Amino acid sequence: MNHIAVIGEAVADAFLPSGQAGTGVLDLRVRPGGSPVNTAVGLSRLGTPTTFLGRLATGPLGDLIRDHLAGSKVDLSAAVTAAEPATLAIASLDPGGRAAYAFYADGTADWQWTPDELARLDPGGVRCVHAGSMALARDPGGPLIETLLGAAREAGATVSIDPNVRPSFVAPDLYRERLGRWTTLADLFRLSDEDLEHLWPGAAPERACDAFHRDGVRLVVVTLGARGALVSLDGARVTVPAPAIDPVDTVGAGDAFNAGLLHWLDEHGRLGGRLPDLTLDEVERAVEFAVKNAARTCLVPGADPPWRGDV
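Residues numbered from 1 in each chain as written. Predicted model: local features only at pLDDT ≥ 70, side-chain atom pairs only at ≥ 80, totals over all residues. Heavy atoms only, no water.

**Points about the sheet that holds strand S8 (residues 99-104)**
Each strand in a sheet pairs with its neighbour through backbone hydrogen bonds, running either in the same direction (parallel) or in the opposite one (antiparallel).
In step 1: Taken together, four strands build an open sheet; the order of strands is S3-S2-S7-S8 and the sheet is mixed. The open sheet has two edge strands, strand S3 (29-33) and S8, and neither has a second partner. Strand-to-strand twist across the sheet, computed as the mean angle between neighbouring axes with direction ignored, equals 30°.
In step 2: With five bridges joining them, strand S2 (residues 11-15) and strand S7 (residues 87-93) adopt parallel strand pairing. Among the inter-strand pairings, Phe-15 is bridged to a residue of S7, identified as Ala-91.
In step 3: Lying over the sheet, helix H2 (residues 59-71) contacts S2 and S3, oriented at roughly 55° with respect to S3. (Pairing = 2+ DSSP bridges. Helix = DSSP H or I, 4+ residues; strand = E, 2+ residues; numbered from the N terminus. Axes fitted to C-alpha atoms, helices over the stretch in contact; angles between N-to-C directions. Contact = heavy atoms within 4.5 Å.)

Here it is, written out as structure tokens:
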């Protein structure tokens, strides 16, 4: 039985090198990406059996992503071969290595889910289902994924959600509109400080944690970039520092954090159900592993999460 299923988009990330202004040529380096793909790859590379449920396009971009998943030993038996083209994101990096994205995504494969396609996953056959990002926020597929998450919760799987807010593609108001539904479904909710600023400008992370706990989320983690992560388990809190590094870029760092956190919880028998026996000490150790996994990803270009022996 695969321990974790990841649902969501599969995006081709095209990176824009500096120094091309005025040349009349735009040379792009394309890498496989999308937050759910990155998380699934990160989990599998750490040794956690992982299924990816995504709509994978045909053609060179779809093949690139499919080969990346298969090469990282992700189970693709539930994935859909889609007739629509792959989503393309063109990324430019600021001096700190943070990416800004322009999406070419209208009519692409990632959002066109049908109930029959999502029925490929047996929600009772996994310990945890992880979802979020743009696939959960976009119609027509988003509400169908919510239904699957509800079925997984009823079947005894832990539900993990990462909203991964992309305001250039999905308006923050739409995330806010659906946020309460997601936090009602989730047992584990991870978001970045940038996500929080898009959702609730000026809000303290502690305020968000309290609001999510009231909705029923047991474990909330707010990642704080180079400052580490704030962990809140039923309102009991601890901050875990991040390793000091000189990053190449931060692409995929949050996804590697997700993978590290879920891997540690699974390896220690804490996934399944509503996380009933989880303690703050255990979560702190899980997040210590997750921030190391994220830091390792920042030392290489793009979303290229480490294998177990590299962490």
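**Let's talk about the pairing of S2**
In step 1: Counting buried residues in S2 gives five out of five residues, a clear majority hidden from the surface.
In step 2: Of the two faces of S2, both are covered, the one formed by Val-11, Asp-13 and Phe-15 as well as the one formed by Ala-12 and Ala-14. (Buried < 20%, exposed > 50% of the residue type's maximum accessible area, 1.4 Å probe, protein only.)

**Digging into the environment of Leu-121**
In step 1: Counting through the fold element by element, Leu-121 comes out in the loop between helix H3 (115-118) and strand S9 (128-132).
In step 2: For Leu-121, a relative accessible area of 7% translates into the label buried.
In step 3: Residues Leu-121 and Ile-7, 114 residues apart in the sequence, show an inter-C-alpha distance of 9.7 Å.

**Here we look at helix H5 (residues 141-154)**
In step 1: The end-to-end C-alpha separation of H5 is 20 Å, in line with the 20 Å expected for 14 residues at 1.5 Å each.
In step 2: Every buried residue belonging to H5 is among Gly-141, Gly-142, Ile-145, Glu-146, Leu-148, Leu-149, Gly-150 and Ala-152, and all of these are buried.
In step 3: Within two residues after H5, Gly-156 carries a phi angle of roughly 100°, on the positive side. (Expected span 1.5 Å × (residues − 1).)

**Here's the deal with the sheet that holds strand S10 (residues 158-162)**
In step 1: Taking strand neighbours across the sheet as the criterion, the eight strands line up as S4-S1-S9-S10-S11-S12-S13-S14 in an open arrangement whose pairing is mixed. Only two strands of the sheet have a single partner each, and these edge strands are strand S4 (50-53) and strand S14 (236-240). Here the strands of the sheet are splayed against their neighbours by 15° on average, with no regard to which way each runs.
In step 2: Relative to S9, H5 is tilted by about 160°, and along the sheet it contacts strand S1 (4-7), S4, S9 and S10.

**Focus on the packing of helix H1 (residues 35-46) against H2**
In step 1: Two elements in contact, H1 and H2, have axes separated by 9 Å at closest approach and are oriented at 25°. It follows from the interaxial angle that H1 and H2 lie roughly parallel. In this structure, H1 uses Val-37, Ala-40, Val-41 and Arg-45 to contact H2, whose residues at the interface are Ile-65, His-68 and Leu-69.
In step 2: Looking at the contact of H1 with H2, its residues break down into five nonpolar, one polar and one charged. (Parallel < 35°, antiparallel > 145°, perpendicular 65-115°, else oblique. Nonpolar A, V, L, I, M, F, W, Y, C, P; charged D, E, K, R; others polar.)

**Quick word on the nonpolar core**
In step 1: Within the largest apolar cluster, 52 residues are counted, with the highest numbers of intra-cluster contacts made by Ile-145, Leu-149 and Phe-189.
In step 2: Dropping the residues within four chain positions of it, Leu-149 is found in contact with Val-129, Ala-131, Leu-136, Val-159, Ile-161 and Leu-185.
In step 3: Counting residues in hydrophobic clusters, the runner-up holds 41 residues, among them Leu-188, Val-231, Val-238 and Ala-259. (Core = buried A, V, L, I, M, F, W, Y, C linked by side-chain atoms within 4.5 Å.)

Functional significance is not addressed by these values, which are geometric in nature.
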